[in-house]
Amino acid sequence: MRLFVGLGNPGAKYASNRHNIGFLAVDEIARRHGFAPWRRRFQGETSEGVVDREKVVLLKPTTYMNDSGRAVQEAANFFKLAPSDITVFQDELELPPGKVRVKIGGGIAGHNGLRSISAHIGNEYRRVRIGIGHPGVKELVHSHVLSDFAKSDRAWVEALGQAIADNAGLLATGHDASFANKVHLTMQAKGFFDTKDEGTK
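Keep in mind the model is a prediction, meaning the values are calculated, not measured. (Residues numbered from 1 in each chain as written. Predicted model: local features only at pLDDT ≥ 70, side-chain atom pairs only at ≥ 80, totals over all residues. Heavy atoms only, no water.)

Re helix 7 (residues 176-189)
Logical step 1: Its 14 residues give helix 7 an end-to-end C-alpha distance of 20 Å, which sits within 8% of 20 Å, the value for a rise of 1.5 Å per residue.
Logical step 2: Within helix 7 the residues assigned to the buried category are Asp176, Phe179, Ala180, Val183, His184, Met187 and Gln188. Down the axis of helix 7, the smallest arc covering the buried residues is 160 degrees, so these residues share one side. Residues of helix 7 that are exposed and angled more than 90 degrees away from the buried face: Ala177 and Ala189.
Logical step 3: Contacts made by the buried residues of helix 7 are with strand 6 (100-104), strand 7 (126-131), helix 5 (154-166) and helix 6 (168-172). (Helix = DSSP H or I, 4+ residues; strand = E, 2+ residues; numbered from the N terminus. Expected span 1.5 Å × (residues − 1). Buried < 20%, exposed > 50% of the residue type's maximum accessible area, 1.4 Å probe, protein only. Arc of directions from axis to C-beta. Contact = heavy atoms within 4.5 Å.)

Considerations on the sheet that holds strand 1 (residues 2-6)
Logical step 1: Pairing is mixed across the open sheet formed by 7 strands, whose spatial order is 2-3-4-1-5-7-6. The sheet is open, and its two borders are formed by strand 2 (39-41) and strand 6, each paired with just one other strand. Recorded for the sheet is a direction-independent mean angle of 30 degrees between the axes of neighbouring strands.
Logical step 2: Relative to strand 4 (residues 54-61), helix 2 (residues 68-79) is tilted by about 150 degrees, and along the sheet it contacts strand 1, strand 2, strand 3 (44-51), strand 4 and strand 5 (86-92). (Pairing = 2+ DSSP bridges. Axes fitted to C-alpha atoms, helices over the stretch in contact; angles between N-to-C directions.)

Quick notes on the packing of helix 2 against helix 3 (residues 112-121)
Logical step 1: Where helix 2 meets helix 3, the axes come as close as 7 Å, and the angle between the chain directions of the two elements is 40 degrees. Taken together, the axis directions place helix 2 and helix 3 in an arrangement best described as oblique. The element helix 2 and its partner helix 3 pack so that their crossing is right-handed. On helix 3, the residues touching Ser68, Gly69, Arg70, Val72 and Gln73 of helix 2 are Gly113, Ser116, Ile117, His120 and Ile121.
Logical step 2: For the contact of helix 2 with helix 3, the residue count by class is 3 nonpolar, 6 polar and 1 charged. (Parallel < 35°, antiparallel > 145°, perpendicular 65-115°, else oblique. Left-handed = near helix turned anticlockwise from the far one by under 90°. Nonpolar A, V, L, I, M, F, W, Y, C, P; charged D, E, K, R; others polar.)

Some details on the UniProt feature "active site" (unreviewed entry) in the protein
Logical step 1: In this structure's numbering, the residues bearing the UniProt feature "active site" (unreviewed entry) are His19.
Logical step 2: A relative accessible area of 12% places His19 in the buried class.
Logical step 3: Not counting the four nearest positions on each side in its chain, His19 is found in contact with Leu7, Gly8, Asn9, Met65, Asp91, His111, Val145 and Leu146.
Logical step 4: Engagement of the side chain of His19 in a polar contact is seen with the side chain of Asp91, the distance being 2.8 Å. (UniProt positions renumbered as here; feature names shortened; annotations may be inferred. Polar contact = N/O pair within 3.5 Å; in protein donor to acceptor, adjacent residues only side chain to side chain.)

Here it is in structure tokens:
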């Protein structure tokens, strides 16, 4: 079994924020793969289904970003999952908009959701880092992540959600590099990246 965690803040006020792209990713996985209706538990909302013959539980913590680890720990304890069974979808300032990277462990780069999760379950879980771009100055970071995507962003956000959902089976079966590469190639084919981009390096 795999636990896929989307990070974000609960409530309509935050629904379209850049910080909530993790919620968007797991919502799209649930829709694309016909998961069960969402229900409230583990200090969050969960939906269960199967992706490429792997049972997957989706989790959206409703604790607010800074306390995401409480929900993740509760779900992990219930299902008896190791950190290696857990994949966290997060917004990533240090990647250009629409770029995706996958890594296990490593630093948290100031991300409060990751800080909370690492404090509760350790650091060796998989992160799907979804690029939202950097505003250029440190002082603008807070307002950047907590503001809505611009209208001009909507096309790539929607395309990326679909690409992540279409290739989620590769994550569920441990083919991280293939997942990142397929998502990149899909976005490139749709014209969101320059064809000279270097793929998943």
